[in-house]
Structures are given as structure tokens and as C-alpha cells.
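# Tertiary structure, described
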Amino acid sequence: MDQPTRFPTFECIISNTVEEYDSEVEFFFLVKNYLLSTLSKLTFLDPEWKDNYIRVMKFISDLSDSLVHVTEPPSYDFLVKLSLVDEIEDNQLDRLIRSKSETAAVVVEASTRTRELMYWYVKNSRVERFSKSFNPARFQGLPFLRLALTYRSIQVSKK
């Protein structure tokens, strides 16, 4: 008798299980890759902040490695420093309208992707087989990353 056709699966190295492609852990890493791509674009669009974007990409990559290998999370001290500005959050739509280049929109996109990454991180923390990796200690840098990108989008939108 023929077996019904099934969707492929993947071996998850975090949980050591076979997962479906609609798994929360798969989506977390997909969003991570979208965010890295957006940050890479920003290294060209916003050369003044290029080194910061590269440091952020390395932070995200190191965070990903720490999730997979259950090691110490990377330091996020530089993200705290990038977040310590006098700016306050303003209306995202206003930022996008007043901007004179696409850079602000791409920084807003990166900030939004970071929030999405945070969402999937927390969602994975509630799944028992992923919770050891997706713990609160590894999450701590992500809110500062979102804030730093939000503040950068405000600065860029005013240029």
C-alpha cells in the first residue's frame, strides 16, 4: 500500500528532535536571517553606522550560536550604550513620512524584525523541548537592540 505524501521534516539540533517546518524554532531562525539581511543592507545605506550594524550582526550570530550550543549569551553592553540617547520614541508613521531617503524605512524594518524575533524567542521559551536554550538570560539583549534601532530610525529620519 502506498504511503501518503508528507511534508519533509528537519532534525532540530536544539531539541534533538525531528521537527516540522512550521515549528516555532524554525520560524525564529528564519526571522533571524531576515533581520541579518536587513542589517546587511543598512551597512550600505547608513555608512555612518556601518560598524554598529556589523557589531549587531555579530551579536545576533553569537546569540544564535549560544541558543544552539547552550553556551553563555554574548555581551550586549554595546547595545545598552547605543540605547542611551536623549531621544524618545515618536510615531513610526511620522518617521517614515518625514524621511528623505529609504534608510529610515529600512532601519524601522530592522527594528520591527527585532520585535518579531523577540516574539518568536518568547514563544519558543514556552515549548518545553526548546526552553533550556530560549531562556530569559539569552533574551536580555534583544530589547536593547530594538531600542537602539528605533532611536537610529528617529535620527536618520531627521536628516
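Predicted, not measured: the structure shown is a model, and the values here were computed from it.

Rules of the game
Residues numbered from 1 in each chain as written. Predicted model: local features only at pLDDT ≥ 70, side-chain atom pairs only at ≥ 80, totals over all residues. Heavy atoms only, no water. Helix = DSSP H or I, 4+ residues; strand = E, 2+ residues; numbered from the N terminus. Buried < 20%, exposed > 50% of the residue type's maximum accessible area, 1.4 Å probe, protein only. Contact = heavy atoms within 4.5 Å. Core = buried A, V, L, I, M, F, W, Y, C linked by side-chain atoms within 4.5 Å. Patch = residues over 30% accessible without salt bridge, like charges linked within 9 Å, V, L, I, M, F, W, Y side chains within 5 Å. Areas by Shrake-Rupley, 256 points an atom, 1.4 Å probe, with all protein chains shown as cover. Salt bridge = Lys/Arg side-chain N within 4 Å of Asp/Glu carboxyl O. Expected span 1.5 Å × (residues − 1).

A tally of helices and strands in the protein yields 7 helices and 2 strands. In the protein, the succession of helices and strands from N to C terminus is β-β-α-α-α-α-α-α-α. Its C-alpha atoms give the protein principal-axis dimensions of roughly 65 × 35 × 25 Å. Counting the 159 residues in the protein, one finds 44% classified as buried. Restricting the contact set of the protein to residue pairs at least 6 apart, pairs at least 24 apart contribute 68%.

Attention now moves to the environment of Gly-141. When you line up the elements, Gly-141 lands in helix α7 (residues 141–157). As a C-alpha pair, Gly-141 and Ser-75 span 66 residues in sequence and 7.8 Å in three-dimensional space. In this view, Gly-141 contacts Phe-59, Tyr-76 and Leu-79; residues no more than four positions away in its chain are not counted.

Moving on, we come to the environment of Pro-73. Within the secondary structure layout, Pro-73 lies in the loop between α2 (50–69) and α3 (77–83). On the basis of relative accessibility, which here comes to 27%, the residue Pro-73 falls in the partly exposed class. For the pair Pro-73 and Arg-138, spaced 65 residues apart in sequence, the C-alpha separation works out to 5.2 Å. Setting aside chain neighbours within four positions, we find Pro-73 in contact with Ser-66, Ala-137 and Arg-138.

Residues Leu-39, Phe-134 and Leu-142 are the most contacted members of the largest nonpolar core, which totals 36 residues. Secondary structure elements with two or more residues in this core: α1 (24–45), α2, α3, α5 (103–125) and α7. The residues contacting Leu-39, other than those within four sequence positions of it, are Tyr-53, Val-56, Met-57, Ile-60, Ala-110 and Leu-149.

Time to look at a nonpolar patch on the surface. Together, Phe-27, Leu-30 and Tyr-34 give the surface a local cluster of nonpolar side chains, amounting to about 250 Å² of exposed area. Secondary-structure assignment places Tyr-34 in helix α1.

Below, the discussion takes up the pattern of salt bridges. Under the criterion given, the structure shown has 4 salt bridges. Asp-46 is paired through a salt bridge with Arg-152; the nearest N and O atoms lie 2.8 Å apart. Highlighted residues: Asp-46 in the loop between α1 and α2 and Arg-152 in helix α7, separated in sequence by 106 residues. This pair shows no difference in class: Asp-46 is buried, exactly as Arg-152 is. Among the salt bridges present, the one from Glu-116 reaches Arg-113, with a minimum N-O distance of 3.0 Å. Highlighted residues: Glu-116 and Arg-113, both in helix α5, separated by 3 residues, approximately one helical turn. The exposure class assigned to Glu-116 is partly exposed, which follows from its relative accessible area of 26%.

Next up on the list: α1. The end-to-end C-alpha separation of α1 is 31 Å, in line with the 32 Å expected for 22 residues at 1.5 Å each. Taken together, the buried positions of α1 are Val-25, Phe-28, Phe-29, Val-31, Lys-32, Leu-35, Leu-36, Thr-38, Leu-39, Leu-42 and Thr-43.

Moving on: α7. Between its terminal C-alpha atoms α7 stretches 24 Å, which fits the 24 Å expected from 17 residues at 1.5 Å a residue. Burial of α7 is extensive: 14 of the 17 residues sit out of reach of the surface.

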